[in-house]
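So the chains spell out like this:
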Amino acid sequence: MDLSKYVDLFLSEGREHVAELTGALSEMERAPSSVDAIAAAFRAVHSIKGMAAAMGYTVVTERADALESALDAVRRGDEEVTQSLLGHMIEESDALAREIELAVAQPASTPSASEPAIEQQRTRATHVRVRASRLDSLMNLVGEIEIARGRMERELRRVSDDGLSAAFDSASRLLNELREQVIGARMVPVGQVFERFPRLVRETARSLDKEVDFTLDGAEIELDRSILDRIGDPVMHLLRNALDHGIESAPERQRDGKPARGRLTLSAQREAGYVLIRVADDGRGIDRDRVLARAREAGIVTWATTTLDDVELLRVLAHPGFSTASAVTTVSGRGVGLDVVDAAVRMLGGAIEIKTVGGRGTAITLRLPLSVAIVRALVARVGEELFAIPFTHVLETRAIEPPPEALRGGAWLETDMAGVTARVVMLRTLFGLPPRISEQMLGVSVLARGRRAALMVDGFVGQQDVVVKRFDPPRGGASMFAGATVLGDGSPALIVDVNSLI
Amino acid sequence: MSHTVLVCDDAVFMRTMLSDILQQAGFTIVGEADTGTKAVAKYKELRPDLVTMDIVMPDMGGIDAVREITAFDPRARVVMCSAMGQQALVVDAIQAGAKDFVVKPFQPSRVLEAVQRVLG
């Protein structure tokens, strides 16, 4: 019996039952003793359970079963409908709704532990569990082959043999495909990590006595497992921040003419080679004046600074140890701020963007690469050494007139770039080489931590996909490098951690 | 002539799946019902050889429906089909007049076995 033809029906009817369930639960919120509402909720969950069991969706089945038991106790009069029980049931119904979508999105990875599914053999035959470390080794091997390919390509240019070139091209295409496949094998839907957030948001909101509607979008968007594993905590932190500092209490919101219930959205979306994870709230927005005052005191900005735009704001908030929390709350804690999130995202080769409007809300976006293992980079030469600058940060390459102070040997300088003051980093000086200054120098214009800057180099080699080999920074020294790689010609290159230079 | 069946379940999904299983085994589905009340009405109208009956349905539950059907036709052949967790209701169902009990998720072989036994 082929279950796949029932998937659409399962999904459409499952959604209907979820809608009935949600409706019945909100009816119970209004009239806790409504026998009809309780019965309707029970029936809806019961139907979902039966359907999910038939499809072999164990997780959905178990979730529905637990909720069904709770509703059954209420139905039989063994349990009283309290606000906290209802809150719990609403959470569970949300979780159930998500599990239904997830189960359909990836039916095969749903483990079938208890009840045997009708077509379990089929599932067994087409899916195997693979250790994550094995996928990592595969990825590394692909990276090594990429390097070997680069070397081969150079050799090939010397001999110029048509037959060999054609063979190389087809091997090269196959390698690209292999890389896509290996990256694909490491991808998992973000929903796998995000599923715990609705509950967390509800509990946090309750402990803060705030009313919040939480929405989760794009649970099906896929991300490299190793990245996903590392963004759970940062995202949780952003959600807590939004609940604690962003969304106002119901009376405060009403006083400001806003709906009493705040809105909090966690979304994931694909954009070119990146996945954007966004936490957006409709709260009070970040208080720029307060941040500015603190930043001046802490010496993060000069006293001459009178306003902070979104870009500057992010730079300040991401400054290690910076926090505007005026009181220690059990939720966010003092001193743990955006800097932690920023550091975690940087580690992954990603970047943070922030948008905040006073009284209207804040949206923080994490821009993450699809895969950590391979990064497209600009390869530049400084002295005799080659360095890879990840494209995540590169805006353009251009000729730049170095500021006069460069002659005196400063590594971090400032210049006027298109009307704004931008930082200029003299990489030669920074790397301990004698300065070599000319009127027009080659610069890589970059954007990191919301700031534009120019990295001055001696020459460009080209652009290529580099395999990131991470290493621990030298003890005691702040690392300017995110890792190392081996280029096509076999020469090693350090991968510049652009964030750390800005 | 193949046996006629009335399939009662409030979920389209379940009715579709059950109908598929039964049709593939050569049965003719003569009707479907999504509530207990409709199940009783359809039984009276269609007089099928066999009824599959879900327990949890809106307006009238499956057990009450079986009771009414067997009151109308003591020889009615009804197989209860319900999700696990309802096994406690087996006794009620049998007392109400059901001839057998199949638990979701359905194993096609188990469904057909129960159906054949009831018809045999």
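As shown above, the structure is provided for reference.
Since the structure is predicted, the reported quantities are computational estimates derived from the model, not experimental observations.

(A) Examining the overall build of chain B more closely. Secondary structure summary: chain B contains 5 helices and 5 strands in total. Starting at the N terminus and ending at the C terminus, chain B contains elements arranged as β-α-β-α-β-α-β-α-β-α. For chain B, the proportion of its 120 residues judged to be buried stands at 56%. Taking the contacts inside chain B whose residues are at least 6 apart along the sequence as the reference set, 60% of them involve residues at least 24 apart. For chain B, the exposed surface amounts to about 4900 Å²; the carbon and sulfur share of it is 51%.

(B) Main features of the overall build of chain A. Scanning chain A for helices and strands turns up 16 helices and 17 strands. Split into buried and exposed, the 502 residues of chain A put 49% on the buried side. Look at the contacts in chain A between residues 6 or more apart in sequence, and 67% of them connect residues 24 or more apart. Summed over its atoms, the accessible surface of chain A is roughly 24300 Å², and 51% of this surface lies on carbon and sulfur atoms.

(C) Here's a closer look at the sheet that holds strand S4 (residues 262-271) of chain A. All names here are of chain A. In space, the 5 strands of this open sheet follow the order S2-S4-S5-S7-S6, with mixed pairing throughout. Edge strands, defined here as strands with exactly one partner in the open sheet, are strand S2 (212-217) and strand S6 (351-357). The average undirected angle you get between the axes of adjacent strands in this sheet is 10 degrees. Relative to strand S7 (residues 361-369), strand S5 (residues 274-281) is paired through 8 bridges, and the arrangement is antiparallel. Among the inter-strand pairings, leucine 276 is bridged to a residue of S7, identified as arginine 367. Of the strands in this sheet, S2, S4, S5 and S7 are in contact with helix H10 (residues 225-246), which crosses S5 at around 20 degrees.

(D) Representation of the interface of chain A and chain B within the structure. Between chain A and chain B, the residue contacts involve 23 residues of the former and 24 residues of the latter. Contact between chain A and chain B buries roughly 1900 Å² in total, counting both sides, with carbon and sulfur atoms accounting for 70%. There are 1 salt bridge connecting chain A and chain B. Note that A:Lys5 is salt-bridged to B:Asp20, the shortest N-O span being 3.5 Å. Between the two partners, chain A and chain B, sit 4 residue pairs in polar contact (both at pLDDT 80 or more). Contributing elements (two or more residues each) for the side of chain A that touches chain B: helix H1 (7-30), helix H2 (35-55) and helix H3 (58-75) of chain A.

(E) Broad picture of the packing of aromatic side chains. As enumerated under the stated definition, the model contains 8 aromatic pairs over all chains in all. The interplanar angle of 70 degrees and the centroid separation of 5.8 Å between the aromatic rings of A:Phe10 and B:Phe13 together place this pair among those described as edge-to-face. Of this pair, A:Phe10 sits in helix H1 while B:Phe13 sits in helix H1 (residues 12-24), which puts the two residues in different chains. The two residues A:Phe10 and B:Phe13 agree in class, both being buried. Relative to B:Phe72, the ring of B:Tyr43 has its centre 6.3 Å away and its plane inclined at 85 degrees; by these criteria the two rings are edge-to-face. Linking B:Tyr43 in helix H2 (residues 36-46) with B:Phe72 in helix H3 (residues 62-72), this pair joins segments that are 29 residues apart in sequence. Assessed through its relative accessible area of 38%, B:Phe72 is described here as partly exposed. Taken together through their ring pairs, the aromatic side chains of A:Tyr6, A:Phe10, A:Tyr57 and B:Phe13 make up a single cluster. Between A:Arg75 and the ring centre of A:Phe42, over which it is positioned, the NZ or CZ distance is 3.7 Å. The ring of A:Tyr274 carries A:Arg367 above its face, with NZ or CZ at 5.5 Å from the centroid.

Each value, and the rule that gives it
- Residues numbered from 1 in each chain as written.
- Chains lettered and ligands numbered in written order.
- Predicted model: local features only at pLDDT ≥ 70, side-chain atom pairs only at ≥ 80, totals over all residues.
- Heavy atoms only, no water.
- Helix = DSSP H or I, 4+ residues; strand = E, 2+ residues; numbered from the N terminus.
- Buried < 20%, exposed > 50% of the residue type's maximum accessible area, 1.4 Å probe, protein only.
- Contact = heavy atoms within 4.5 Å.
- Areas by Shrake-Rupley, 256 points an atom, 1.4 Å probe, with all protein chains shown as cover.
- Pairing = 2+ DSSP bridges.
- Axes fitted to C-alpha atoms, helices over the stretch in contact; angles between N-to-C directions.
- Buried area = accessible area lost by both parts, 1.4 Å probe.
- Salt bridge = Lys/Arg side-chain N within 4 Å of Asp/Glu carboxyl O.
- Polar contact = N/O pair within 3.5 Å; in protein donor to acceptor, adjacent residues only side chain to side chain.
- Phe/Tyr/Trp six-rings, centres within 6.5 Å; stacked < 30°, edge-to-face > 60°.
- Lys NZ or Arg CZ within 6 Å of the ring centre and 35° of its normal.

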